[in-house]
Amino acid sequence: MSNARLLEDMATKQAAILVLADGTCYRGYAFGASGTAIGEVVFNTGMTGYQEVITDPSYRGQIVTFTCPELGNTGVTPEDEESDRPQVRGVIARNITTLPSNWRSRQSLPDYLKAHNVVGIAGIDTRALTRKLRSLGAMNGGISTEILDPEALLAKVKAAPSMQGQNLAQEASTDRIYEWSDKTLPEWEFVEASHLTGASLTVVAIDFGVKRNILRRLASYGCRVIVVPADTSAEKILSYNPDGIFLSNGPGDPAAVTQGIETAKALLEANKPMFGICLGHQILGLSMGGDTFKLKFGHRGLNQPAQNQAENADRRVEITSQNHGFALTGESFEQSAAMLTHINLNDKTVAGLEHKTLPIFSVQYHPEASPGPHDADYLFERFVKAMREHKNNLVAV
Ligand SMILES: N[C@@H](CCC(=O)O)C(=O)O
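Residues numbered from 1 in each chain as written. Predicted model: local features only at pLDDT ≥ 70, side-chain atom pairs only at ≥ 80, totals over all residues. Heavy atoms only, no water.

Where an unreviewed UniProt entry is consulted, the protein chain appears under the name Carbamoyl phosphate synthase small chain, with the organism given as Pseudanabaena mucicola FACHB-723. UniProt annotates the protein chain under Sequence similarities (unreviewed entry) with the comment "Belongs to the CarA family." (UniProt positions renumbered as here; feature names shortened; annotations may be inferred.)

Set out below in structure tokens:
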């Protein structure tokens, strides 16, 4: 979109402002709901998948700015939601399309956000904003269509809590236990290889803010997936006699999810296959004696390189989908029960772990993609294999 068109849009549309905690103010125009949203401003560099990002529970409490220059082109499709509603506090875009071109779309992005009371601001140079966040670090910010005085909005931004120390997993979690069944899962999504069938395998998935595509990928192997709230006790989880336990992604600071960490510790004793993704990976790492820290600006995008450290993997690099602001400290595992299996090649942070003796492993990235590349999808197969082997061994004993 040309600058002239941008200026014209800004003249005809409702004004909105974005203020960062360092006092910088950006002016743009509103889309979605009117109002004010305050949260941690983080950038996502993916060129596709705005709908999956907006509905990903791991983004709770955050205002997401997209470097993708235009959002809304493919509208909103209910089957593509990663949860039942938008989870982000607010959306920052360079440009917004109000007339989607996609036969599957049921609603435009602005209408969807309006219906769910999510404030958006467009007309922002999101690439310049991203460069700023990269050099100064992710910080709180606010977008508003009603407080157009930058100083007044800045006061609200300054009063907002930092992401560090926030336990958001409980509020993102389910409040009831349910069995995942995806009536919309197409036939071709089921894995055909009979030796790998997950039929007769039961997985208990601890929901810290789970993305639907993870549950879909587990179900695609034929596993029975029982989803339980974040505060479910190890005893209750084990009462389902699961063949494997899955720890999901989720929002907030992993170190603050103390109950989840205690549960994971107790589950380690059960000697069952366990698999963790993102927050679930961090919680598993913390339960095995590791530490976490806050990254300067996080990893959120679809092209993060994770290198497999295993000898037999030949240092293969997986291009991965990521969304996290915290990470495990590599050194904290030197004396622990776990070892590092993957590292992020961009900054050498921990991207994967595995228990030295038990069938327990986890990754900081999102093998279910949605959006993103499928390089790491083999991890679901690995989990199903681990559960199958474990079950066969129990039968053989
Ligand atoms: N909330 C955690 C994990 C994110 C996730 O599970 O997607 C972080 O920002 O590091």
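## Here's the deal with the packing of aromatic side chains
Per the stated rule, a full pass over the model turns up six aromatic pairs. Ring-pair connections join several aromatic residues into one group, and the members of that group are F246, F275, F361, F380 and F383. A cation over a ring is seen here: K294 above F326, with NZ or CZ 5.5 Å from the ring centre. The aromatic ring of Y378 is capped on one face by R316, whose charged end is 5.6 Å from the ring centroid. (Phe/Tyr/Trp six-rings, centres within 6.5 Å; stacked < 30°, edge-to-face > 60°. Lys NZ or Arg CZ within 6 Å of the ring centre and 35° of its normal.)

## Brief notes about the nonpolar core
The biggest cluster of nonpolar side chains holds 29 residues, and the ones touching the most others in it are L215, L218, C223, V225, F246, F275 and F383. Of all elements in the fold, only β11 (202-207), α7 (212-219), β12 (224-229), β14 (274-277), β19 (360-363) and α11 (378-396) reach the threshold of two or more residues within this core. With five residues, the top contributor of residues to this core is α11. Excluding residues within four positions of it along the chain, L218 makes contact with V203, C223, V225, F246, F380 and F383. One finds I237, L286, F333 and A338 within the second-largest nonpolar core, a separate group that totals 28 residues. (Core = buried A, V, L, I, M, F, W, Y, C linked by side-chain atoms within 4.5 Å. Buried < 20%, exposed > 50% of the residue type's maximum accessible area, 1.4 Å probe, protein only. Helix = DSSP H or I, 4+ residues; strand = E, 2+ residues; numbered from the N terminus. Contact = heavy atoms within 4.5 Å.)

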